[in-house]
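Listed here are the chains, written in short residue letters.
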Amino acid sequence: LVVFFSALPVFAVDLKFTGDYRIRGFYTDNLTDQADSADDATAFNSMRFLLTSTASAGVAKGVVTMDFTSTAGTGNMRFGEAGGAYGPKDDTFALLEAYIKADLRVAMVSGGRQMFKIGHGILFDDPADGFVVDVPLGPAKLTLVNLKPFDCSSSLGVNPNPAIGGGCTSGTSDDTDLYFGNVSLRPTSEMAANLFLGI
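Keep in mind that this is a model prediction, so the values were computed, not measured.

About the cut-offs
- Residues numbered from 1 in each chain as written.
- Predicted model: local features only at pLDDT ≥ 70, side-chain atom pairs only at ≥ 80, totals over all residues.
- Heavy atoms only, no water.
- Helix = DSSP H or I, 4+ residues; strand = E, 2+ residues; numbered from the N terminus.
- Buried < 20%, exposed > 50% of the residue type's maximum accessible area, 1.4 Å probe, protein only.
- Contact = heavy atoms within 4.5 Å.
- Areas by Shrake-Rupley, 256 points an atom, 1.4 Å probe, with all protein chains shown as cover.
- Polar contact = N/O pair within 3.5 Å; in protein donor to acceptor, adjacent residues only side chain to side chain.
- Salt bridge = Lys/Arg side-chain N within 4 Å of Asp/Glu carboxyl O.
- Patch = residues over 30% accessible without salt bridge, like charges linked within 9 Å, V, L, I, M, F, W, Y side chains within 5 Å.
- 1 Å grid on protein atoms, 1.4 Å probe; cavity = no way out; pocket = protein on both sides within 12 Å on 5 of 7 lines; lining within 4 Å.
- Points joined across faces, edges and corners; volume = space filled by probe spheres on them.
- Nonpolar A, V, L, I, M, F, W, Y, C, P; charged D, E, K, R; others polar.
- pLDDT = per-residue confidence, 0-100.
- Core = buried A, V, L, I, M, F, W, Y, C linked by side-chain atoms within 4.5 Å.

Visitor: With reference to specific residues and values, describe the overall build of the protein chain.
Guide: Scanning the protein chain from N- to C-terminus turns up 1 helix and 9 strands. Going residue by residue from the N terminus, the α and β elements of the protein chain occur as α-β-β-β-β-β-β-β-β-β. Every one of the 199 residues in the protein chain was classed for burial, and the buried ones make up 25%. For the protein chain, restricting intrachain contacts to residue pairs at least 6 apart in sequence, the fraction spanning at least 24 positions comes to 39%. Counting only carbon and sulfur atoms, one obtains 62% of the accessible surface of the protein chain, whose full area is about 12,900 Å².

See the structure below:
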């Protein structure tokens, strides 16, 4: 009982749930040869269901987004995955986001898997494992990022996602890392400038 009641303040968090549901239909005709002589038409639908849980307490916030799909011709087309002829792959499930963010007043720190948008989404706009530090500097803001867009976790030395490259060895030698820095300057609401550095 002592342990139970002493742990109750830990669960005094602000818990919120949000979601997103999308379904799209596709029909293409004359897909391969631009002629009616061959039967190369295809029709399929793509469904996405996201469920996001956000827990906030003190200076910290934890976010988990689950990506659910269903079977029988619906699902999400993952980058590099092969489904039917042109449709999405079935039976897919993903942990889209799982990260913790802390507002330390002098800096905003976050770590885990989350959606990152760099350069208005032109340079990067995908979920990735990483660590981010945002430091306000008056009218400017300094952002330092270490992302891992591709993590080779195969113990057999085979790339689980061959669309991104050849074979790989588990560990850190064949992972894809992105080290990124951004200095954002906004002296007025009508003027903004950004300097990007990355490797």
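That covers the picture; the talk isn't over yet.
Visitor: Now, about unusual backbone geometry: what can you tell me, with residues and values included?
Guide: Of note in the backbone geometry, R105 takes a positive phi value of approximately 70° without being a glycine. Looking at the secondary structure, you find R105 in the loop between β4 (93-103) and β5 (108-118).

Visitor: Describe in detail the side chain of N182, supporting the description with residues and values.
Guide: Within the secondary structure, N182 is located in strand β8 (residues 176-188). Reaching out from N182, the side chain makes a polar contact with the side chain of N194 at a distance of 3.5 Å. Here N182 is in contact with K141, L142, T143, N194, L195 and F196, once residues within four sequence places are set aside.

Visitor: Just give me the short version of the pattern of salt bridges, but keep the residues and values in it.
Guide: All told, the structure shown has 4 salt bridges when counted by the stated rule. Note that D14 and K16 form a salt bridge whose closest N and O atoms lie 4.0 Å from each other. Across the salt bridge formed by D129 and R113, the nearest N and O atoms sit 3.6 Å from each other. One end of the pair, D129, is in strand β6 (residues 124-137); the other, R113, is in strand β5, with 16 residues separating them in the sequence. Residue D129 is classed as partly exposed on the basis of its relative accessible area, which comes to 31%. Note on R113: relative accessible area 26%, which makes it partly exposed.

Visitor: How would you sum up a nonpolar patch on the surface? Please name residues and give values.
Guide: Where nonpolar side chains cluster on the molecular surface, the patch consists of V13, L15, F17, Y21, I23, F49, L51 and F68 and spans about 740 Å² of accessible area. The set of elements that each furnish at least two residues to the nonpolar patch consists of β1 (14-28) and β2 (42-57). Among the elements that take part in the nonpolar patch, β1 stands out by supplying 4 residues, more than any other. Looking at the element boundaries, I23 is found in strand β1.

Visitor: Summarise the layout of surface pockets; cite the residues concerned and give the values.
Guide: Space inside the second largest pocket adds up to approximately 420 Å³. When contributions to the lining of the second largest pocket are tallied by element, the ones reaching two or more residues are β5, β6, β7 (140-150) and β8. Taken together, the residues of the lining of the second largest pocket break down into 8 nonpolar, 7 polar and 4 charged.

Visitor: Outline the confidence of the model for the protein chain, listing residues and values.
Guide: Mean pLDDT for the protein chain: 75, with 64% of residues reaching 70 or above. Across the protein chain, element-level confidence peaks in β5 with a mean pLDDT of 90 and bottoms out in helix α1 (residues 2-7) with 58. Note that residues 70-88 has pLDDT below 50 and, in this model, 48 contacts with residues that lie over four places away or in other chains.

Visitor: Could you give an account of the nonpolar core, naming the residues involved and the relevant values?
Guide: One finds F116, I118, F124, A128, V132, V145, L147 and F180 forming the largest nonpolar core, which totals 8 residues. Setting aside residues up to four positions removed in sequence, V145 forms contacts with F131, V132, L178, Y179 and F180.

Visitor: So, the environment of R186: which residues are in play, and what are the values?
Guide: Within the secondary structure layout, R186 lies in strand β8. Judged by its relative accessible area of 48%, R186 falls in the partly exposed class. Separated by 48 residues in the primary sequence, R186 and G138 place their C-alpha atoms 9.4 Å from one another. Setting aside residues no more than four positions away along its own chain, R186 makes contact with P139, M191 and A192. At 3.4 Å, the side chain of R186 forms a polar contact with the backbone oxygen of S189.

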